[in-house]
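Notes for the structure review
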Amino acid sequence: PVILLTAKSSPEQQVTGMHSGADTYITKPFSLQMLELQINNLLASRAAMRQRYVHQVTLEPKHIEITNADEAFLNRVIEIIEEHMDDPDFGVHMLRAEMAMSLTVLYKKLQALTGMSVNEFIKSIRLKKAAILLRQSDYNISEISYKVGFNDSKYFSREFKKQYQKTPSEYAKVQKQNND
């Protein structure tokens, strides 16, 4: 978490600080006990959010209710990835540019919230979308791999198996059996 501890207390300065990515803005004088409580609360909420996003299987960011800045950040990242889902060239640098953040800040914030690197998170979102397509469409695996931004079907299958412990064809077969 980024905590700004400063003597600058005007509303304009606070807005600027929060726009730059700070999680909280504390002005002097401050209570050490309150600072410790805010740090603990930020860390606890990040840990809870990391657990939720790491174990989340479905990709439905449009239905997630934004309750704080971290969720808004993750929803924006997911939205941008979805916009470029079928672009195999979309990666860290394009996401960084779309988010208007430095690569270091983007990496650290995403790592803190999800426990994943930016590349891992992008790949995870692509694979979650592929799982949805396998469940809900009649596209073949090669078509799905291209729709989620993978140029190489073998690489797609290998990465899918790493995340879901099944090949895409095994996953699709199980899902279709469950739906019958």
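How each quantity is defined
Residues numbered from 1 in each chain as written. Predicted model: local features only at pLDDT ≥ 70, side-chain atom pairs only at ≥ 80, totals over all residues. Heavy atoms only, no water. Helix = DSSP H or I, 4+ residues; strand = E, 2+ residues; numbered from the N terminus. Salt bridge = Lys/Arg side-chain N within 4 Å of Asp/Glu carboxyl O. Buried < 20%, exposed > 50% of the residue type's maximum accessible area, 1.4 Å probe, protein only. Arc of directions from axis to C-beta. Contact = heavy atoms within 4.5 Å.

Mapped onto the elements of the fold, R158 is located in helix α8 (residues 153-164). Note: C-alpha distance between R158 and N119 (39 residues apart in sequence) is 16 Å.

Here the idea is simple: oppositely charged side chains can pair when their charged atoms come close. Under the counting rule described, the total for this entry stands at seven salt bridges. The salt bridge involving K109 is made with D23; its shortest N-O contact spans 3.4 Å. In this pair, K109 is assigned in helix α5 (residues 103-114) and D23 in the loop between α1 (11-19) and β2 (24-27), connecting sequence segments 86 residues apart. A relative accessible area of 14% places K109 in the buried class. In this structure, E159 and K162 form a salt bridge, with 3.0 Å as the shortest nitrogen-oxygen distance. Remark: K162 and E159 occur in helix α8; sequence separation between them is three residues, near one turn of the helix.

To continue, consider helix α4 (residues 92-99). Three or more residues of α4 are buried, namely V92, L95 and M99. The buried residues of α4 occupy an angular sector of 65° when projected down its axis, which confines them to one face. Tucked inside the fold, the buried residues of α4 contact α3 (69-83), α5 and α6 (118-136). Of the residues flanking the end of α4, it is A100, one or two places downstream, whose phi is positive at about 55°.

Purely geometric stuff here, so don't read any function into it on its own.
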